[in-house]
Amino acid sequence: MLILNKTAGVFSKPSKRNMYEFLRSFNFHPGKLFLHKLVLGIETSCDDTAAAVVDETGNVLGEAIHSQTEVHLKTGGIIPPVAQQLHRENIQRIVQEALSASKVSPSELSAIATTIKPGLALSLGVGLSFSLQLVDQLKKPFIPIHHMEAHALTIRLTNKVEFPFLVLLISGGHCLLALVRGVSDFLLLGKSLDIAPGDMLDKVARRLSLIKHPECSTMSGGKAIEHLAKQGNKLHFDFKPPMQHAKNCDFSFSGLHHIIDKMIMQKEKEEGIEKGQILSSAADIAAAVQHTVACHIAKRTHRAILFCKQRDLLCQSNAVLVVSGGVASNLHIRKALEIVTDATQCTLLCPPPRLCTDNGVMIA
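Here is what the cut-offs are and how they apply
- Residues numbered from 1 in each chain as written.
- Predicted model: local features only at pLDDT ≥ 70, side-chain atom pairs only at ≥ 80, totals over all residues.
- Heavy atoms only, no water.
- UniProt positions renumbered as here; feature names shortened; annotations may be inferred.
- Helix = DSSP H or I, 4+ residues; strand = E, 2+ residues; numbered from the N terminus.
- Buried < 20%, exposed > 50% of the residue type's maximum accessible area, 1.4 Å probe, protein only.
- Polar contact = N/O pair within 3.5 Å; in protein donor to acceptor, adjacent residues only side chain to side chain.
- Contact = heavy atoms within 4.5 Å.
- 1 Å grid on protein atoms, 1.4 Å probe; cavity = no way out; pocket = protein on both sides within 12 Å on 5 of 7 lines; lining within 4 Å.
- Points joined across faces, edges and corners; volume = space filled by probe spheres on them.
- Nonpolar A, V, L, I, M, F, W, Y, C, P; charged D, E, K, R; others polar.
- Pairing = 2+ DSSP bridges.
- Axes fitted to C-alpha atoms, helices over the stretch in contact; angles between N-to-C directions.
- Salt bridge = Lys/Arg side-chain N within 4 Å of Asp/Glu carboxyl O.
- Disulfide = S-S within 2.5 Å.
- Patch = residues over 30% accessible without salt bridge, like charges linked within 9 Å, V, L, I, M, F, W, Y side chains within 5 Å.
- Areas by Shrake-Rupley, 256 points an atom, 1.4 Å probe, with all protein chains shown as cover.
- Domains from an automatic or database assignment.
- Buried area = accessible area lost by both parts, 1.4 Å probe.
- Expected span 1.5 Å × (residues − 1).
- Arc of directions from axis to C-beta.

- With an unreviewed UniProt entry as reference, the protein is termed N(6)-L-threonylcarbamoyladenine synthase, source organism Tursiops truncatus.
- Among the UniProt annotations of the protein, the heading Catalytic activity (unreviewed entry) holds the following wording: "L-threonylcarbamoyladenylate + adenosine(37) in tRNA = N(6)-L-threonylcarbamoyladenosine(37) in tRNA + AMP + H(+)".
- Per UniProt, the protein has the following entry under Subcellular location (unreviewed entry): "Mitochondrion".

Structural data, given as structure tokens:
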């Protein structure tokens, strides 16, 4: 707690008066009795301000979320100070909405759980400062949460999954493969050596100026690539999946991104258009990029499954692969992973889309 307080001290805290007013806004129910312990989860690691109340049986009593996607689309990416300010403006309202939806007053909580890492430092600081102030006022236990561990364990809210299982976390900020042996017991098998797949897809979408495409103007980069890819020919461009001969389970996307960037520049010259205009071959590029990313992720995951089975770290039959994170909602990537799990006698499980992206439920 001492270390966390020092960390939180770097960021501006809500005043004690503001916190007192916040707590006074709730209707307290002295006669109400909850049979289970209740945890408030708070998530501000990137660009979503989220909160939820979950009981110890996994029942979600209430949740709320504020997405900053629309703002960051206009700026062409996440600007940390902007994300921080938006978290500050929304965190009190989001926590209040989650508690109101759950019909729980702050005094009835058993503990407060908050993401402390990894993520954008300025964003994390907002959630941490708010939580520590709440903890101080309510005299409740504080539970620091690792963002990636929360993603990995979310599946146990919706499915009966026993340990051990393999997890693939793919998002705009992360890409890793791990063997989950227990609630706090993870064996890291592979990770991205550079950028995350979601980050690369976003960069390609920006380079193709898909925000100017009439069908993609309100979509995030990854969603725009997936949407446009349906209209394109994935075989029109021959991008090779990275690390085909690497004898490990790591990932790499920056080299592929550099090759794609050079190819787009070449196509602009061929078509006689300037950077910022939409290429006639944009759909084919989107399809080829998506397919190459899917192949790379599938091949590295296949290696991880074989490694675990050879060393009896996973069951030989009925082993489980859990895929989570924002990129897990991409249906083409999910189809590639289904081919791998079918071939290796594994079961592929994904949390529902709302629990794949950042949320307060997974923290609680």
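### A short note on the side chain of Ser123
Step number 1: The residue Ser123 is located in helix H5 (residues 121-138) in this model.
Step number 2: On the basis of relative accessibility, which here comes to 0%, the residue Ser123 falls in the buried class.
Step number 3: In terms of polar contacts, Ser123 uses its side chain to reach the backbone carbonyl oxygen of Cys46, at 3.0 Å.
Step number 4: Here Ser123 is in contact with Thr44, Ser45, Cys46, Ala83, Gln84 and His87, once residues within four sequence places are set aside.

### Digging into the layout of surface pockets
Any space left empty among the atoms is revealed by the rolling of a water-sized probe across them.
Step number 1: Space inside the second largest pocket adds up to approximately 650 Å³.
Step number 2: For the second largest pocket, the lining is made up of 22 residues, of which Leu153, Val183, Met362, Ile363 and Ala364 are closest to its centre.
Step number 3: Split into classes, the residues belonging to the lining of the second largest pocket amount to 12 nonpolar, five polar and five charged.

### Observations concerning the sheet that holds strand S2 (residues 48-55)
Step number 1: Within the open sheet, the five strands sit side by side as S3-S2-S1-S4-S5. Their pairing is mixed. Single-partner strands in this sheet number two, and they are strand S3 (60-67) and strand S5 (142-146). Within the sheet, the average angular offset between the axes of one strand and its neighbour, ignoring direction, is 20°.
Step number 2: Lying over the sheet, H5 contacts strand S1 (38-43), strand S4 (111-117) and S5, oriented at roughly 155° with respect to S4.

### Considering the pattern of salt bridges
Step number 1: Summed over all chains, the structure comprises 11 salt bridges.
Step number 2: Lys160 is the salt-bridge partner of Glu162, the closest N and O atoms lying 3.3 Å from each other. Assigned by exposure class, Glu162 and Lys160 land together as exposed.
Step number 3: In this structure, a network of salt bridges that share partners links the residues Arg207, Asp261 and Glu268.

### Some remarks on the state of the cysteines
Step number 1: Under the criterion given, the structure shown has zero disulfides.
Step number 2: Here Cys308 is not disulfide-linked; the sulfur of Cys249 is the nearest cysteine sulfur, at 7.5 Å.

### Observations concerning a nonpolar patch on the surface
Step number 1: There is a patch of nonpolar side chains on the surface, built from Val71, Ile79 and Val82 and spanning about 190 Å² of accessible area.
Step number 2: Residue placement: Val82 occurs in helix H4 (residues 80-102).

### Re the side chain of Ser324
Step number 1: For Ser324, the location among the structural elements is in strand S9 (residues 319-324).
Step number 2: Owing to a relative accessible area of 0%, Ser324 belongs among the buried residues under this scheme.
Step number 3: If we skip the residues at most four places from it in the chain, Ser324 touches His151, Leu168, Leu169, Ile170, Pro351, Leu355 and Cys356.

### Digging into the domain arrangement of the protein
Step number 1: Assigned domains of the protein: these are domain 1 (38-140) and domain 2 (165-353).
Step number 2: Computed from C-alpha coordinates alone, the two centres of domain 1 and domain 2 are separated by 28 Å.
Step number 3: Listed by partner, the interface residues are four residues for domain 1 and seven residues for domain 2.
Step number 4: Surface buried jointly by domain 1 and domain 2 totals about 370 Å² across both partners, of which 69% is contributed by carbon and sulfur atoms.
Step number 5: When the area that domain 1 buries against domain 2 is broken down by residue, the three leading residues are Leu73, Gly76 and Pro118, summing to 85%.
Step number 6: Counting every contact that joins domain 1 to domain 2 gives zero salt bridges.

### Structural notes on helix H12 (residues 331-343)
Every α-helical turn comprises 3.6 residues, leaving residues that sit three or four positions apart pointing alike.
Step number 1: Spanning 13 residues, H12 covers 18 Å between terminal C-alpha atoms, matching the ideal 18 Å at 1.5 Å per step.
Step number 2: Residues of H12 that are buried: Ile333, Ala336, Leu337, Val340 and Thr341. Down the axis of H12, the buried set is contained in an arc of 140°. They therefore lie on one face. Across from the buried face of H12, at angles greater than 90 degrees, the exposed residues are Leu331, Ile339, Asp342 and Ala343.
Step number 3: Buried residues in H12 make contact with strand S6 (165-170), helix H11 (282-310), S9 and strand S10 (346-349).
Step number 4: One or two residues past the end of H12 sits Gln345, with phi positive at roughly 55°.

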